Every structure is written in structure tokens, then in C-alpha cells.
Amino acid sequence: SDLLTVCLTEKTYNNTNIMINKRSVFFALKKKKVLGYVKKGGHYLKHAPEFQDDREVILVAVKQNAYALRHVRKELLNKREFMLAAVKENGNALFFANQELRNDREVALTAVTQNVFVLDYA
């Protein structure tokens, strides 16, 4: 039987009935599919709005193409931790950082280490 059929059936473990939430299973399968698309082309993120705030999906997309950040929820672009992770994947992500983060020494240095040509954005 296939994974979906197995996941959607009731299982017994230590005399405890566990019903796997269908929505969670479908979301996980969709996320896997979206990850495959954005890995090949970061711009595919624009076609998956429900994943535009999913850090894992975004960072995979950014690694392939920094311009995927055009399709990310704007509040993420203002978060230092997120932008630091993004510039580690692709230095060009610095282009999408706000001025405060561009002036942040660690963020800028990480971006330049990844791609020396982003000095113009710092």
C-alpha cells in the first residue's frame, strides 16, 4: 500500500489509537513537492503562497535564486536571524534586506563572504 493510505488509516501503538490528521499529511506531501520545485527554480515560490513564510522552503528557494525573496512575507525581510540565514545561502539576498540589516556587520560580512559582488548593497 502507498504512504498516503498507510498514513490515513488508524494505527494502534501500545493500546493507544492514533489517527493521523489528514490535513497534516496532505500539507507535508505538498511541502515536499514545493521543496522540489523551488530547489530547481526559486521563482516557483510565487506560486505557493502558503509557503511564503516557511523558513525551510524559502531558504531552499533563496539558495537557488535570491530573487525568490520578492515573494516572501515582508516582515521576514526585517528579521535579522532570517536575513542572516538567507545571505548564508545566497549573498545576493542582501539586496532585499532593509538598510539597518545591510549596515549590520555580521549580515554584510556573511553576504560578502558568500558573494563578493554584493559589496555594492552593503
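Above this text is the structure in question.
What counts and what doesn't
Residues numbered from 1 in each chain as written. Predicted model: local features only at pLDDT ≥ 70, side-chain atom pairs only at ≥ 80, totals over all residues. Heavy atoms only, no water. Helix = DSSP H or I, 4+ residues; strand = E, 2+ residues; numbered from the N terminus. Buried < 20%, exposed > 50% of the residue type's maximum accessible area, 1.4 Å probe, protein only. Areas by Shrake-Rupley, 256 points an atom, 1.4 Å probe, with all protein chains shown as cover. Core = buried A, V, L, I, M, F, W, Y, C linked by side-chain atoms within 4.5 Å. Contact = heavy atoms within 4.5 Å. Polar contact = N/O pair within 3.5 Å; in protein donor to acceptor, adjacent residues only side chain to side chain. Salt bridge = Lys/Arg side-chain N within 4 Å of Asp/Glu carboxyl O. Phe/Tyr/Trp six-rings, centres within 6.5 Å; stacked < 30°, edge-to-face > 60°.

1. Re the overall build of the protein chain
Moving on, step 1. Helix and strand content of the protein chain: 7 helices and 2 strands.
Moving on, step 2. In the protein chain, the succession of helices and strands from N to C terminus is α-β-β-α-α-α-α-α-α.
Moving on, step 3. Within the protein chain, the proportion of its 122 residues that are buried is 39%.
Moving on, step 4. Working note: accessible area of the protein chain is about 8,000 Å², and carbon and sulfur atoms make up 53% of it.

2. A closer look at the nonpolar core
Moving on, step 1. Counting residues in hydrophobic clusters, the biggest one holds 31 residues, and the most contacted among them are Leu45, Ile58, Leu69 and Phe82.
Moving on, step 2. Only helix 2 (22-40), helix 3 (55-64), helix 4 (74-77), helix 5 (80-89) and helix 7 (105-114) provide two or more residues apiece to this core.
Moving on, step 3. A total of 6 residues in this core trace back to one element, the largest contributor, which is helix 5.
Moving on, step 4. Not counting residues up to four positions away in its chain, the partners in contact with leucine 45 are Val38, Phe51, Gln52, Val57, Ile58, Ala61, Ala68, His71 and Val72.

3. Some points on the side chain of glutamine 52
Moving on, step 1. The residue glutamine 52 is located in the loop between helix 2 and helix 3 in this model.
Moving on, step 2. Among the residues examined, glutamine 52 registers a relative accessible area of 12% and is labelled buried.
Moving on, step 3. Separated by 3.4 Å, the side chain of glutamine 52 and the backbone oxygen of histidine 71 make a polar contact.
Moving on, step 4. Dropping the residues within four chain positions of it, glutamine 52 is found in contact with Leu45, Lys46, Ile58, His71, Val72, Arg73 and Leu76.

4. Details of the environment of phenylalanine 96
Moving on, step 1. The residue phenylalanine 96 is located in the loop between helix 5 and helix 6 (99-102) in this model.
Moving on, step 2. Distance from phenylalanine 96 to alanine 86, taken between C-alpha atoms, is 9.8 Å for residues 10 residues apart in sequence.

5. Remarks on the pattern of salt bridges
Moving on, step 1. On inspection of all chains with the given rule, the structure shows 7 salt bridges.
Moving on, step 2. Linking glutamate 106 and arginine 80 is a salt bridge whose minimum nitrogen-to-oxygen distance equals 2.6 Å. Of this pair, glutamate 106 sits in helix 7 while arginine 80 is found in helix 5, placing the two residues 26 residues apart along the sequence.
Moving on, step 3. We classify arginine 80 as partly exposed; its relative accessible area is 35%.

6. Brief notes about the packing of aromatic side chains
Moving on, step 1. A full pass over the atoms with the stated rule returns 4 aromatic pairs.
Moving on, step 2. Summarising the aromatic geometry, the rings of tyrosine 67 and phenylalanine 96 are spaced 5.6 Å apart at their centres and angled 80 degrees between planes, so their arrangement reads as edge-to-face. Pair noted here: tyrosine 67 is in the loop between helix 3 and helix 4 and phenylalanine 96 is in the loop between helix 5 and helix 6, with a separation of 29 residues, a long-range link.
Moving on, step 3. Centroid distance phenylalanine 95 to phenylalanine 96: 5.1 Å. Interplanar angle 90 degrees. Geometry classified as edge-to-face.
Moving on, step 4. For phenylalanine 95, a relative accessible area of 37% corresponds to the partly exposed category.
Moving on, step 5. Three or more aromatic residues joined by ring pairs form one cluster here, namely Tyr67, Phe95 and Phe96.

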